[in-house]
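# Commentary on secondary and tertiary structure
This is what each chain is made of:
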Amino acid sequence: MMAAKGENLLEVAVEGGVNIEHACGGVCACSTCHVYIESGMDQLSEAVEAEEDRVEEAPGLQRNSRLSCQCVVKGDGPIVVRVPAWNRNAVKEVPH
Ligand code: FES
């Protein structure tokens, strides 16, 4: 998937047909857009306190947990994002 700088990972995923849950619409008021950043964390904006507080509510919290709507693409390098299994269950094929 290609991402432009300034896009957040939720937008990138949804544009690419990966429908990550995002109950609050990307305003850091839920934790359903939780993903794991497997590599390339340094290519993303750092988590602000609001995101850190919120992501703690997400099930399956890990050190590389982020809220995808709060991860703004900054760098050029590859970023590997893993969508947690419970969220993947909610992934829907976009109708063509
Ligand atoms: Fe709700 Fe990201 S969509 S916090």
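Read on for an overview of the structure. Just so we're clear, the structure is a prediction, and the values are computed from it rather than from any experiment.

### Considerations on the overall build of the chain
The helix and strand inventory of the chain stands at 3 helices and 3 strands. A buried classification covers 38% of the 96 residues belonging to the chain. Looking at the chain as shown, the accessible area adds up to about 5,700 Å², and 51% of this sits on carbon and sulfur atoms.

### Looking at the environment of Glu56
Structurally, Glu56 can be placed in the loop between helix H2 (49-55) and strand S2 (65-67). Taking the C-alpha atoms as reference points, Glu56 and Arg66, 10 residues apart in sequence, are found 9.6 Å from one another.

### Focus on the side chain of Ser45
Summarising the element assignment, Ser45 is placed in the loop between strand S1 (34-39) and H2. Looking at Ser45, its side chain comes within polar contact range of the main-chain oxygen of Gln70, at 3.3 Å. Among all residues touching Ser45, those that are not within four sequence positions of it are Arg66, Gln70, Cys71, Val72 and Lys74.

### Overview of the pattern of salt bridges
Inspection of the entire model under this criterion finds 4 salt bridges. The partner of Glu57 in a salt bridge is Arg54, with the nearest N and O atoms 3.4 Å apart. According to the relative accessible area criterion, Glu57 is exposed, its value standing at 52%.

### So, the pairing of S1
Where S1 meets S2, 3 bridges bridge the pair, whose relative direction is antiparallel. Looking across to S2, one finds that His34 is bridged to Leu67. Two strands pair when backbone bridges link them, and S1 and strand S3 (residues 80-82) are joined in this way by 3 bridges, in the antiparallel orientation. Each residue of the ladder has a partner; that of Ser39, found in S3, is Val80.

Quick notes on the rules
- Within each chain, residues carry numbers counting from 1 in the order of the written sequence.
- Given that the model is predicted, a residue must reach a pLDDT of at least 70 before its local features are reported, and side-chain atom pairs must reach 80 or more before they are shown or counted; all residues, however, enter totals for whole chains, interfaces and linings.
- Water and hydrogen atoms were dropped before computing side-chain values, which therefore reflect all heavy atoms in the structure.
- Under the scheme used here, helices are H or I runs from DSSP no shorter than 4 residues and strands are E runs no shorter than 2 residues, and both carry numbers assigned from the N terminus.
- Each residue gets one of three labels from its accessible area relative to the maximum for its type: buried under 20%, exposed over 50%, partly exposed in between, using a 1.4 Å probe on protein chains only.
- Surface accessibility in these figures is a Shrake-Rupley result with a 1.4 Å probe; residues are shielded only by whichever protein chains are displayed.
- Under the rule applied, a polar contact is a pair of N or O atoms within 3.5 Å (in protein, one hydrogen donor and one hydrogen acceptor; residues adjacent in sequence only if both atoms are side-chain atoms).
- In what follows, a contact means two residues having at least one pair of non-hydrogen atoms within 4.5 Å.
- Here a salt bridge means any side-chain nitrogen of Lys or Arg lying within 4 Å of a carboxyl oxygen belonging to Asp or Glu.
- Any two strands between which DSSP finds at least two bridges are classified as paired.

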